[in-house]
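Descriptive structure summary
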Amino acid sequence: MSRVLDSDLKYALGTRAIHAGQRPDPTSGAIMTPIYQTSTYAQDALGINRGYEYARGKNPTREALERNIASLEGGVHGFAYSSGMGCLDSIMKLFKSGDRIVCTNNLYGGTPRLFDRILVNFGLKFTYVDTRNLQDIEDAMAGGDVRGLMIETPTNPLMWLTDIAGAAEIAKRHEVILIVDNTFASPVLQRPLELGADIVYHSTTKYLNGHSDMIGGCAVVRDDNLATRMQFILNSAGAVPGPFDAWLVLRGTKTLHLRMAAHDVNGRRVAAWLADRYGAERVAYPGLPSHPQHELAKKQMKGFGGMVSVETGSRNAAAKLMNGLKVFTIAESLGGVESLVNHPASMTHASVPEERRRDLGISEGLVRFSVGVEDGDDLLADLEHALTG
C-alpha cells in the first residue's frame, strides 16, 4: 500500500507530476527512480525484512508510481496494474455474487464485454443507464442490491458527461461505491475524488504514459479500509505490472501537465475545424459551446482534452476521411503524443452488439480522433487534404 506525504499536496500539480512519490536513490543518488528488476528480496534474518518479501506484493519502482498517481489524483493510496482491464477486473472483486453495479450505458467496448460475458458468470449483475440524467441513476438504485455505481466521463466515444458531484451524492445516500473512469480527462483536467468519488481508475496505457509503448492500469482511493481491501486483491490475484512498465508510466507522468495542455489546444482546434465542415451538431467535444453539456464540462473539468468524435454520415464517408489522413494514424488506443483516428463500430466497440451500438448512436459513420501534440497547423492541413484531396 502506498501513501502520499501530506506535504506533497501543498505543491501545484505540475510540480507533483515531476516529484511526487519519488526521492533520489539512496544508494547512488540517481534522480530517476531505478528499475528494480527483481522477483524476490533478501531477508535480514528469519522473520526480519525491510518491508519487501516478494515482488507481486511490493516493488520499489511500482511503489514510486503508485505514490505519484495518488498525489496527482488528490488521493492517498495508489495501485498499479498490468492493464486497464486488469485494474477494472480487480476493482470488481470488491463485490460478491448477487451484488448489482449501476453503470454508464456508453462505456469503452471492453468494459461491457468483461461485465456481460465474464463477470455475470460469477453472479455479479449490471444495470446500464444514461448517467447524464441523475434521476436515471436514482431510479436504478431501487431494489436494495446495488453496491456500486460506475461512470465513465467523458465517455468513449460519444463524449457524454456525468455530473460527478451529483452522482457522488446519490452514491453516498445509498451507501454504494462510486467508481469513475478518468482515462479521457486525466488528473490534469479532472479529479473525481475531489468531487466525491470513492475510486478513480485509468488505463495508464493512455495519457498517463503518453508514449504508446506499454500497457497498464491504475486506481486511486482515499479511504484506508477500501485501500486495504484493494491491496489484498492486488497481491492475491496478481494483476501487477512489471517494474519496467511502471517506470515507463512514471517517466510519462513527469510531462503529463505539459502534454495535456498541448492536447487541449489541438483538440479545440480540431473540434472547431470539424464543426465548421460537418456542422457543430455532428461533432462530439465538450469544449464546443454546442455540446449539450458544455456548462457541466466547464464546471467539473479544467480543460476539454484531445478526444473528439464526428458523425460523417456513413461508413464510406468515414473510410474516405480516415484513409486520406497522413499525419493521423488509423489505430486502436489513444492518449499518446501522436494523433490517431479510430472507427469505433469496427474497432474499439466491435464487441458491443450492433443493436446496442445503434441505440447509443455509435454508427458506421462515427469517427473518433485522439488528437496528439504535433503542430496544430499540420493536423488541420491533414484533415483538409483527407476531406477534399
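About the criteria used
- Residues numbered from 1 in each chain as written.
- Predicted model: local features only at pLDDT ≥ 70, side-chain atom pairs only at ≥ 80, totals over all residues.
- Heavy atoms only, no water.
- pLDDT = per-residue confidence, 0-100.
- Contact = heavy atoms within 4.5 Å.
- Pairing = 2+ DSSP bridges.
- Helix = DSSP H or I, 4+ residues; strand = E, 2+ residues; numbered from the N terminus.
- Axes fitted to C-alpha atoms, helices over the stretch in contact; angles between N-to-C directions.
- Salt bridge = Lys/Arg side-chain N within 4 Å of Asp/Glu carboxyl O.
- Buried < 20%, exposed > 50% of the residue type's maximum accessible area, 1.4 Å probe, protein only.
- Right-handed = clockwise from strand over helix to strand, strands pointing away.
- Parallel < 35°, antiparallel > 145°, perpendicular 65-115°, else oblique.
- Left-handed = near helix turned anticlockwise from the far one by under 90°.
- Nonpolar A, V, L, I, M, F, W, Y, C, P; charged D, E, K, R; others polar.

Here the focus is the confidence of the model for the protein. Looking at the protein, pLDDT values average 96 and 98% of them are 70 or higher. Predicted confidence for residues 1-7 stays below pLDDT 50, and this span has 20 contacts to residues more than four positions away or in other chains.

What holds strands together in a sheet is hydrogen bonding between their backbones, with the strands either parallel or antiparallel. Sheet architecture is open: five strands sit in the order E8-E9-E12-E11-E10, paired in mixed fashion. Single-partner strands in this sheet number two, and they are strand E8 (283-284) and strand E10 (329-330). Pairing geometry for strand E11 (residues 340-342) and strand E12 (residues 366-370), over three bridges, is antiparallel. Residue pairing in the sheet places leucine 340 in a bridge with serine 370 of E12. In this fold helix H12 (residues 315-323) packs onto E10, E11 and E12, with an angle of close to 25° to the strand it touches most, E12.

Before going further, it helps to examine the pattern of salt bridges. With the rule as written, the count across this model stands at 21 salt bridges. Salt-bridge contacts for glutamate 66 lead to arginine 62; the nearest nitrogen and oxygen are separated by 3.6 Å. Of the two residues, glutamate 66 and arginine 62 both sit in helix H2 (residues 60-72), four residues apart, roughly one turn of that helix. The class of glutamate 66 is buried, set by a relative accessible area of 3%. For arginine 62, a relative accessible area of 2% corresponds to the buried category. Between arginine 251 and aspartate 213 there is a salt bridge, and its shortest N-O distance comes to 3.1 Å. Here aspartate 213 lies in the loop between strand E6 (199-203) and strand E7 (217-221) and arginine 251 lies in helix H9 (residues 243-253), a separation of 38 residues in the sequence. Judged by relative accessible area, arginine 251 falls into the partly exposed class, the value being 26%.

Burial analysis of strand E5 (residues 177-181) places five of its five residues in the buried class, which makes it a mostly covered element. Of the two faces of E5, the one lined by Ile177, Ile179 and Asp181 and the one lined by Leu178 and Val180 are each fully buried. Of the strand pairs in this sheet, strand E4 (residues 146-152) and E5 are connected by five bridges, and their pairing is parallel. Paired with glutamate 152 across the two strands is aspartate 181, which belongs to E5. Each parallel crossover has a hand, and the one from E4 via helix H6 (residues 164-173) to E5 is right-handed. Where E5 lies against E6, three bridges are found, and the strand directions are parallel. Considered in E6, the bridge of valine 180 is made with valine 200.

A separate point is the sheet that holds E7. Reading across from one edge, E1-E7-E6-E5-E4-E2-E3 is the order of the seven strands in this open sheet, with mixed pairing throughout. In this open sheet, the two strands that pair with only one neighbour each are strand E1 (77-81) and strand E3 (125-129). Neighbour-to-neighbour, the strand axes of the sheet open up by a mean angle of 20°, direction not taken into account. Against the sheet, helix H3 (residues 84-92) touches E1, strand E2 (100-104), E3, E4, E5, E6 and E7, its axis set at about 155° to E6.

This brings us to H9. For H9, the tally of buried residues reaches eight of 11 residues, placing the bulk of the element in the interior. Turning to H9, its buried residues number three or more, namely Pro243, Ala246, Trp247, Leu248, Val249, Leu250, Gly252 and Thr253. Summarising the contacts, the buried residues of H9 are in contact with helix H1 (13-19), H2 and helix H10 (256-278).

So, on to the environment of aspartate 378. With respect to the helices and strands, the residue aspartate 378 is situated in helix H14 (residues 376-388). Judged by relative accessible area, aspartate 378 falls into the partly exposed class, the value being 46%. Taking C-alpha positions, aspartate 378 is 7.7 Å from valine 327, a pair spaced 51 residues apart along the chain.

The geometry of H3 relative to helix H4 (residues 110-117) is characterised by a closest axis approach of 11 Å and an angle of 40° between their N-to-C directions. When the axis of H3 is compared with that of H4, the two are oblique. The chirality of how H3 crosses H4 is right-handed. In this structure, H3 contributes Met85, Leu88, Asp89 and Met92 to the contact, and H4 contributes Gly110, Thr111, Leu114 and Phe115. Of the residues in the contact of H3 with H4, the class split is five nonpolar, two polar and one charged.

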